[in-house]
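Listed below are the residues making up each chain.
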Amino acid sequence: MLILRDLQALRRARAEACAGARRLALVPTMGALHQGHLALVAAARAAAETVAVSIFVNPLQFNPAEDLSRYPRDEEGDLAKLESAGCDLVWMPDVPTMYPPGSATRIEVAGPAQGYEGAVRPEHFRGVATVCTKLFSQTQADVAVFGEKDWQQLQVINRVVADLDLPVRILPHPTVREGDGLACSSRNQLLGPAERALAPLLPRTMQVALDAIRAGAAPAAELARAEARLRGAGFAPDYLALVEPATLTPWQGGPGRLLAAARLGAVRLLDNMAL
Ligand SMILES: Nc1ncnc2c1ncn2[C@@H]1O[C@H](COP(=O)(O)OP(=O)(O)OP(=O)(O)O)[C@@H](O)[C@H]1O
Ligand SMILES: CC(C)(CO)[C@@H](O)C(=O)[O-]
Ligand code: BAL
């Protein structure tokens, strides 16, 4: 497994690893890897001959007041996990390599970037879209694997790739969950024991709401009930919304996506499920 920190070395390694018609699948991450990330790596393995994983905690997608300094980091553990997962290339640029002095170009996305995470974290998707576009360009990835856990992010990336005619295929991967239903997330390790025990109430409550809506209950009333239940248990919900899966506009009937974000102590939990 090659560990690459500068762009020239990455370009050389990419050219060698992908000589002939060998394709490269990229898994973009911010590190602190867990089972969810490793499932994405396995999907990348199945999709292409060469697997690259990027680890970059992108300052551009954190707002000033956010948890950039608290973001979990575990370089040694990450590299060991990637080695056993059969990763070929690890791309780990530092901040000046990604954004050299004078860097002034940003990708601005409207449409699915508006509302929800885009409202709670202004500038977040500008940072995500900019870094992902750069990662696609740096690695010349043929395929890039993204988790459905960050549903809005996935729709934003689909939009960017379509709008900028980027030659990369986006491969979504279903959300990987702990045994008790909580979506795996790097931020889960910041939960205290009591919060960790409470956290699966979020997916359980979402499931109850979806079952009721499928059985004919009015979505607005069901979502209000779900939000009240979470609040009563100690969560501070940011939103609970039923939307069109690709555009994130209000649900019109047919396939939908239930999006949820709720704070539990100092941690924001994110989840979503298909209707
Ligand atoms: N439980 C999961 N199931 C499937 N994909 C996941 C899961 N958790 C993260 N991913 C995906 O892994 C990629 C990298 O995500 P990231 O490094 O931000 O991990 P994370 O655990 O989501 O971190 P955070 O706690 O910041 O949300 C993204 O495409 C994300 O959707
Ligand atoms: C896609 C990503 C790696 C871009 O920094 C990040 O938003 C993430 O980890 O989901
Ligand atoms: N998993 C999405 C990256 C972020 O929360 O900033």
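- Under the annotation held in an unreviewed UniProt entry, the protein carries the name Pantothenate synthetase and is attributed to Falsiroseomonas selenitidurans.
- UniProt lists a comment for the protein under the heading Sequence similarities (unreviewed entry), and it reads "Belongs to the pantothenate synthetase family."

## So, the overall build of the protein
- Helix and strand content of the protein: 10 helices and nine strands.
- The C-alpha atoms of the protein give a radius of gyration of 19 Å, which matches the 19 Å a tight globule of 275 residues would have.
- Principal-axis analysis of the C-alpha atoms places the extent of the protein at approximately 55 × 40 × 40 Å.
- Restricting to contacts in the protein with at least 6 residues of sequence separation, those with at least 24 account for 72%.
- Where the 28 positive side-chain charges of the protein centre and where its 29 negative ones centre are 1 Å apart.

## Here's the deal with the side chain of Lys149
- Here Lys149 shows up in the loop between strand 5 (143–147) and helix 7 (151–163).
- Lys149 has contacts with Thr175, Ala183, Cys184, Ser185, Leu270 and Asn272, leaving out every residue within four places of it along the chain.

## As for the site of ligand 1
- If you check the shell around ligand 1, you find 20 residues, and the closest are Lys149, Asp150, Ser185, Ser186 and Arg187.
- Measuring from an oxygen atom of ligand 1, one finds a side-chain N or O atom of Asp150 at 2.7 Å.
- At 2.6 Å from an oxygen atom of ligand 1 is found a side-chain nitrogen or oxygen belonging to Ser185.
- About the coverage of ligand 1: the protein hides 95% of its 590 Å² of free accessible area.
- Counting residues per element, the ones that place at least two in the shell around ligand 1 are strand 2 (24–29), helix 2 (35–47) and strand 5.
- Looking at the shell around ligand 1 element by element, the count peaks at three residues for helix 2.
- Partitioning the shell around ligand 1 into residue classes produces eight nonpolar, nine polar and three charged.

## Let's talk about the site of ligand 2
- Around ligand 2, the neighbouring residues are Pro28, Thr29, Met30, Asn58, Gln61, Val128, Val131, Cys132, Phe146 and Gln153.
- One nitrogen or oxygen atom from the side chain of Gln61 is found 2.7 Å from an oxygen atom belonging to ligand 2.
- A distance of 2.6 Å separates an oxygen atom of ligand 2 from a polar side-chain atom of Gln153.
- About the coverage of ligand 2: the protein hides 89% of its 280 Å² of free accessible area.
- When contributions to the shell around ligand 2 are tallied by element, the ones reaching two or more residues are strand 2 and helix 6 (124–139).
- When residues in the shell around ligand 2 are grouped by element, the largest group, three residues, is from helix 6.
- Looking at the shell around ligand 2, its residues break down into six nonpolar, four polar and no charged.

## Points about the nonpolar core
- Core analysis: the largest hydrophobic core is formed by 40 residues, its most contacted members being Phe136, Phe146, Ile157 and Ile170.
- Breaking this core down by element, the ones donating at least two residues are helix 1 (7–17), strand 2, strand 4 (89–91), helix 6, strand 5, helix 7, strand 7 (236–243) and strand 8 (257–264).
- Looking at this core element by element, the count peaks at seven residues for helix 6.
- Residues from two domains meet in this core; each of domain 1 (2–173) and domain 2 (186–274) gives at least three.
- Discounting residues that sit within four places of it in the chain, Phe136 has contacts with Leu26, Ala141, Ala144, Phe146, Ile157, Val161, Leu166, Val168 and Ile170.
- In terms of nonpolar packing, the next biggest core, distinct from the first, is built from 22 residues, Ile213, Phe235, Leu240 and Val267 among them.

## Re helix 6
- Compared with an ideal rise of 1.5 Å per residue, which puts 16 residues at 22 Å, helix 6 spans 22 Å between its outermost C-alpha atoms and is within 8% of the ideal.
- Most of helix 6 sits out of view: 13 of its 16 residues are buried.
- Positioned one or two residues after helix 6, Gln140 has a phi angle of 50 degrees, which is positive.

## Quick word on the packing of helix 1 against helix 6
- Interhelical geometry of helix 1 versus helix 6 gives an angle of 55 degrees and a closest axis separation of 9 Å. Looking at the two axes, helix 1 sits oblique to helix 6. For the pair helix 1 and helix 6, the contacting residues are Leu7, Leu10, Arg11 and Arg14 in the first and Ser137, Gln138 and Thr139 in the second.
- A class-by-class count of the residues in the contact of helix 1 with helix 6 yields two nonpolar, three polar and two charged.

## Let's talk about the confidence of the model for the protein
- Across the protein, pLDDT averages 96, with 100% of residues at or above 70.
- Model confidence for the complex: the whole-complex pTM is 0.97, and ipTM, which rates the interface, is 0.97.

Calculation notes
- Residues numbered from 1 in each chain as written.
- Chains lettered and ligands numbered in written order.
- Predicted model: local features only at pLDDT ≥ 70, side-chain atom pairs only at ≥ 80, totals over all residues.
- Heavy atoms only, no water.
- UniProt positions renumbered as here; feature names shortened; annotations may be inferred.
- Helix = DSSP H or I, 4+ residues; strand = E, 2+ residues; numbered from the N terminus.
- Rg over C-alpha atoms; globule rule 2.2 N^0.38 Å.
- Contact = heavy atoms within 4.5 Å.
- Lys, Arg positive; Asp, Glu negative; His and termini not counted.
- Charge placed at Lys NZ, Arg CZ, Asp CG, Glu CD.
- Near = heavy atom within 4 Å.
- Polar contact = N/O pair within 3.5 Å; in protein donor to acceptor, adjacent residues only side chain to side chain.
- Areas by Shrake-Rupley, 256 points an atom, 1.4 Å probe, with all protein chains shown as cover.
- Nonpolar A, V, L, I, M, F, W, Y, C, P; charged D, E, K, R; others polar.
- Core = buried A, V, L, I, M, F, W, Y, C linked by side-chain atoms within 4.5 Å.
- Buried < 20%, exposed > 50% of the residue type's maximum accessible area, 1.4 Å probe, protein only.
- Domains from an automatic or database assignment.
- Expected span 1.5 Å × (residues − 1).
- Axes fitted to C-alpha atoms, helices over the stretch in contact; angles between N-to-C directions.
- Parallel < 35°, antiparallel > 145°, perpendicular 65-115°, else oblique.
- pLDDT = per-residue confidence, 0-100.

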